[in-house]
Protein chains: 2
Amino acid sequence: MTATSPKRVTISDVARRAGVSPSAVSHAFNGRPNVSETTAARIRAAADELNWRPNYASRKVSGQGGRSLGLVIARSRDTFGRDPFFMRLLAGLTEPLADLGWSLSLTLVQADEEEQVYRQWWGEQRVDAFLLVDVRHDDPRLPLVEQLGAPAVLLGAPVDDAVPAVTVADESAFATVLEHLGGLGHRRVARVTDAPGLAHTRARDQRFSHAGAQQGIATSFAAWDPTADDPVAELLARLGGVTAIVVDSESIAAQIVAHAPEVGVQVPAQLSVVAWEDSWVSSLVRPRLTALDAPVEESARTAVALLERLVRGEAAESQTVSGRRLVVRDSTAPAPRSPSQHHRDPDRDSEEAP
Amino acid sequence: MTATSPKRVTISDVARRAGVSPSAVSHAFNGRPNVSETTAARIRAAADELNWRPNYASRKVSGQGGRSLGLVIARSRDTFGRDPFFMRLLAGLTEPLADLGWSLSLTLVQADEEEQVYRQWWGEQRVDAFLLVDVRHDDPRLPLVEQLGAPAVLLGAPVDDAVPAVTVADESAFATVLEHLGGLGHRRVARVTDAPGLAHTRARDQRFSHAGAQQGIATSFAAWDPTADDPVAELLARLGGVTAIVVDSESIAAQIVAHAPEVGVQVPAQLSVVAWEDSWVSSLVRPRLTALDAPVEESARTAVALLERLVRGEAAESQTVSGRRLVVRDSTAPAPRSPSQHHRDPDRDSEEAP
DNA sequence: CGCTTGATGTGTACCGCTTTACAAGAAGCG
DNA sequence: CGCTTCTTGTAAAGCGGTACACATCAAGCG
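Residues numbered from 1 in each chain as written. Chains lettered and ligands numbered in written order. Predicted model: local features only at pLDDT ≥ 70, side-chain atom pairs only at ≥ 80, totals over all residues. Heavy atoms only, no water.

The name an unreviewed UniProt entry gives chain A is LacI family transcriptional regulator, with Isoptericola cucumis as the organism.

So, in structure tokens, the structure goes:
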């Protein structure tokens, strides 16, 4: 088939139909006081009958503020696809954007094309603001958006005064998690992270150590190595006397609980696992993951609100959203009596909760 | 902070810098033959130095074809979020779109706002084409895009000649799956679907019956009821003497294999499960899901190519992409010797593969 | 060598809408 | 009742490009 475009209806058609000038239509549609309520109604009726809406491109050209948010994600298809966080984020952005009449432009890029895409989208005025995710230390995008003069908000730990951040309050979260684990008798807990370059990783590392110190729990760190032959086995082997881990990524936590028994580590009998994000995946795997739910939808909403203010030229301050909530499921249990049994025959120890 | 927009550079700035007229710049940037290669180079250099890119909105206003694809998904946050297919689709669309210089506008809507959003986005010329997913029987969007004259392509079974479809070849897929199951001794297989309203569901139903008939396997159908208290238990109870199921949705298949043992059905000892989509989730759950991988990325690429032709005013025919591939994992095994044992004590039967 | 060509550019009229004057009649007022 | 002030509307100038028609000028040619 061929797309046969019926002549598109313009503001003049509406004006003619309502018996007014095009300017009147414009004023009516922009809530300007230059038109009486009665004629405004007539104009709206005419527009309705013709099914007309102001052409987005045209209004942008004539100086009307923007209505499009750019989300550029520098991830491989794979790491994007297996992070349920992004689904939640996308879904969460959609609603507040729609309320504002904005739309979301999304793309995945390779790391080395990233800046290029920001420049292009901004230069073409394809988008009017950016939402920055996966912000790294010394992230080049921060100076970039400043240089461009592009309104931007980042999700994660604040990095730079010039770009407001929407942060999920984490302080008490580590305390909560370690209280939960401490209450189960765990004394040595490790934090597992991938993506060491991300800005929020460092912030969380500090909070984790701090909370551990306060609660008398020995904390350590372990990096997830996706290049290993069997990343789960490799990680578990490195864990030493740790009896519980807090995993930054939900998908990694899920892989760990699913695969650990197969390499001789029973979860949660020998090792408790907490995921630092929550989604349907956590309740899918067995044992179900104890996870820390984050208010993703609210973060999205907050970010959009901030962005909207920036685009209007107002100032916007970084904001914190709270609502971290520990959802206790089946991957955490009392610490084994004698630690460091990871490599025993799985059948032989089945220490149950006291 | 406040966004202080540095004066934006326009085509005239570039023209001045290159010592030519604005038209020359335009021609140079649109590969028009009105400008010599040497001056074109000079112009490009000037544009580079000023970091200029043609304003997207302006070119659209002045009749330049569109560069934006609309994807409107009528799903709840939840059903969107737990379908890994969408992640693959989004990721898959991104690359071919970027190659074309297009961008993707995404939104989630409630079913009753759906048409409204199509009208709005098209009316505002915010997008230049639509990709239709989750197409239902008598889907109102098909007449709608026709009426609007909007280029559109749908993913799934062809429904209407006016809207080209990109279809994943399914014919041999059912044969392959049933061969696999038949070879394991299964004689009664059910197909489990949610979303009975989707257009491709009916098509698959027929193919399934057909393939069953050809291979002497008794086929039946079972609907997934998400409103049930325990949908998995409820489904399994309804299965009768069936020893294997083919589940239309990967996330449902995953729930089934994860939860079945907890309601007394061993997978795959008592029941084999095949998922009709594949993603990382299939290898996450235990037992790992035997799944039918679909060429999602290639479908996306094909759809984009079709769309691009439509936007250029060329005709575009429906296309089929092949590449369905059965990935055999751990959720399929030989059929139990005596069927219909679903409600036995799980410990008591552990019939192993012969 | 005069004239047709082809290669390169430039002027200019839009595209559809916003916006800043500015006009015209109604209303307020001393 | 003449003049100022609102109210309601219109005209016209852009916004940043594109595209068509036309101007140049050097080369090609009989």
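Anyway, onward from the coordinates.
Caption draft 1: Up close: the nonpolar core. By size, the foremost hydrophobic cluster in this structure holds 64 residues, and its most contacted members are Leu71 and Leu93 of chain A together with Leu71 and Leu93 of chain B. Apart from the residues lying within four places of it in its own chain, the contact partners of Leu93 of chain B are Leu69, Leu71, Leu104, Leu131, Ala300 and Val304 of chain B. Residues Ala190, Val192, Val242 and Ile245 of chain B belong to the second largest nonpolar core, which totals 58 residues. (Core = buried A, V, L, I, M, F, W, Y, C linked by side-chain atoms within 4.5 Å. Buried < 20%, exposed > 50% of the residue type's maximum accessible area, 1.4 Å probe, protein only. Contact = heavy atoms within 4.5 Å.)

Caption draft 2: Layout of the protein's contact with DNA strand C. Around DNA strand C, 27 residues are found, and the nearest of them are Ile11, Ser26 and Arg32 of chain A together with Ser36 and Thr39 of chain B. Ser26 of chain A places a polar side-chain atom, nitrogen or oxygen, 2.8 Å from a phosphate oxygen of DNA strand C. Interatomic distance of 2.6 Å between a side-chain N/O atom of Arg32 of chain A and a phosphate oxygen of DNA strand C. For the surface near DNA strand C, the elements supplying multiple residues, two or more each, are α2 (22-29) and α4 (56-61) of chain A together with α2 (22-29) of chain B. (Near = heavy atom within 4 Å. Polar contact = N/O pair within 3.5 Å; in protein donor to acceptor, adjacent residues only side chain to side chain. Helix = DSSP H or I, 4+ residues; strand = E, 2+ residues; numbered from the N terminus.)

Caption draft 3: Spotlight on unusual backbone geometry. Between Val267 of chain A and the following residue, Pro268 of chain A, the backbone shows a cis peptide bond with an omega angle of 5°. By the secondary structure assignment, Pro268 of chain A is in the loop between α12 (250-259) and β9 (272-275). You will see that Asn51 of chain A, though not glycine, has its phi angle at about 60°, which is positive. Looking at where Asn51 of chain A falls in the secondary structure, it is placed in the loop between α3 (37-50) and α4. With a relative accessible area of 33%, Asn51 of chain A lands in the partly exposed category. Even without being a glycine, Asp138 of chain B presents a positive backbone phi close to 50°.

Caption draft 4: Structural detail: the packing of aromatic side chains. Residue and element names in this part refer to chain A. Per the stated rule, a full pass over the model turns up 16 aromatic pairs over all chains. Summarising the aromatic geometry, the rings of Phe174 and Trp276 are spaced 4.2 Å apart at their centres and angled 20° between planes, so their arrangement reads as stacked. Of this pair, Phe174 sits in helix α9 (residues 171-183) while Trp276 sits in the loop between β9 and α13 (280-284), and the two are 102 residues apart along the sequence. Residue classification places Trp276 among the buried positions, given a relative accessible area of 0%. (Phe/Tyr/Trp six-rings, centres within 6.5 Å; stacked < 30°, edge-to-face > 60°.)

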